[in-house]
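# Remarks on the overall topology
Each chain, letter by letter, is given below.
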Amino acid sequence: MVEEIEIVYDKHDRMQYHPDFHFAHGQPFSDSDLEYICKFYEADHTRTISFAIGKTEHAIRTKVNYLKKIGLFERYKNRNKYW
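Here is a short report on the structure shown in this document. Quick caveat, the model's predicted, so the values are computed rather than measured.

## Some remarks on the overall build of the protein
For the protein, the count of helices and strands is four helices and zero strands. Here the C-alpha coordinates of the protein stretch approximately 45 × 25 × 20 Å along the principal axes. Per-residue burial over the protein gives 31% buried out of 83 residues. In the protein, the proportion of contacts linking residues at least 24 apart, taken out of those at least 6 apart, comes to 60%. Total accessible area computed for the protein in this model is approximately 5800 Å², and 51% of it derives from carbon and sulfur atoms.

Structure, rendered in structure tokens:
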């Protein structure tokens, strides 16, 4: 019998790590991931982006904040190499 893992959300309604959805958890962000995140962050839900690249919503929001802080968000958003 296969045991199902419960889906848990934090107080901000973000899905916590779940192995079925966050397949890239713990792995570095690829250039393709960074471009995807920046290109669709303002137009799509963080949860949808999370499912697409296999990272948690918190990891995506943290990465976006960091990229904005160091001035790379717009660069990845307008890059058009992968997406």
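Right, picking up where we left off after that structure.
## Considerations on the packing of helix α1 (residues 31-40) against helix α2 (residues 46-53)
Running from N to C, α1 and α2 point in directions that differ by 160 degrees, and their axes come no closer than 11 Å. It follows from the interaxial angle that α1 and α2 lie roughly antiparallel. Once α1 is placed against α2, the crossing between them reads as right-handed. Between α1 and α2, the residues in contact are D33, Y36, I37 and F40 and I49, A52 and I53, respectively. Across the contact of α1 with α2, the residue classes break down as six nonpolar, no polar and one charged.

## Regarding the pattern of salt bridges
Going through the model one piece at a time under the given rule, you end up with four salt bridges. In this structure, K77 and E42 form a salt bridge, with 2.6 Å as the shortest nitrogen-oxygen distance. Linking K77 in helix α4 (residues 73-77) with E42 in the loop between α1 and α2, this pair joins segments that are 35 residues apart in sequence. Between R47 and E57 there is a salt bridge whose closest N-O contact spans 2.9 Å. Remark: E57 occurs in helix α3 (residues 57-69) and R47 occurs in helix α2; sequence separation between them is ten residues. Since its relative accessible area comes to 24%, R47 is described here as partly exposed.

How each quantity is defined
- Residues numbered from 1 in each chain as written.
- Predicted model: local features only at pLDDT ≥ 70, side-chain atom pairs only at ≥ 80, totals over all residues.
- Heavy atoms only, no water.
- Helix = DSSP H or I, 4+ residues; strand = E, 2+ residues; numbered from the N terminus.
- Buried < 20%, exposed > 50% of the residue type's maximum accessible area, 1.4 Å probe, protein only.
- Contact = heavy atoms within 4.5 Å.
- Areas by Shrake-Rupley, 256 points an atom, 1.4 Å probe, with all protein chains shown as cover.
- Axes fitted to C-alpha atoms, helices over the stretch in contact; angles between N-to-C directions.
- Parallel < 35°, antiparallel > 145°, perpendicular 65-115°, else oblique.
- Left-handed = near helix turned anticlockwise from the far one by under 90°.
- Nonpolar A, V, L, I, M, F, W, Y, C, P; charged D, E, K, R; others polar.
- Salt bridge = Lys/Arg side-chain N within 4 Å of Asp/Glu carboxyl O.

As far as function goes, none of this settles anything; it's purely spatial.
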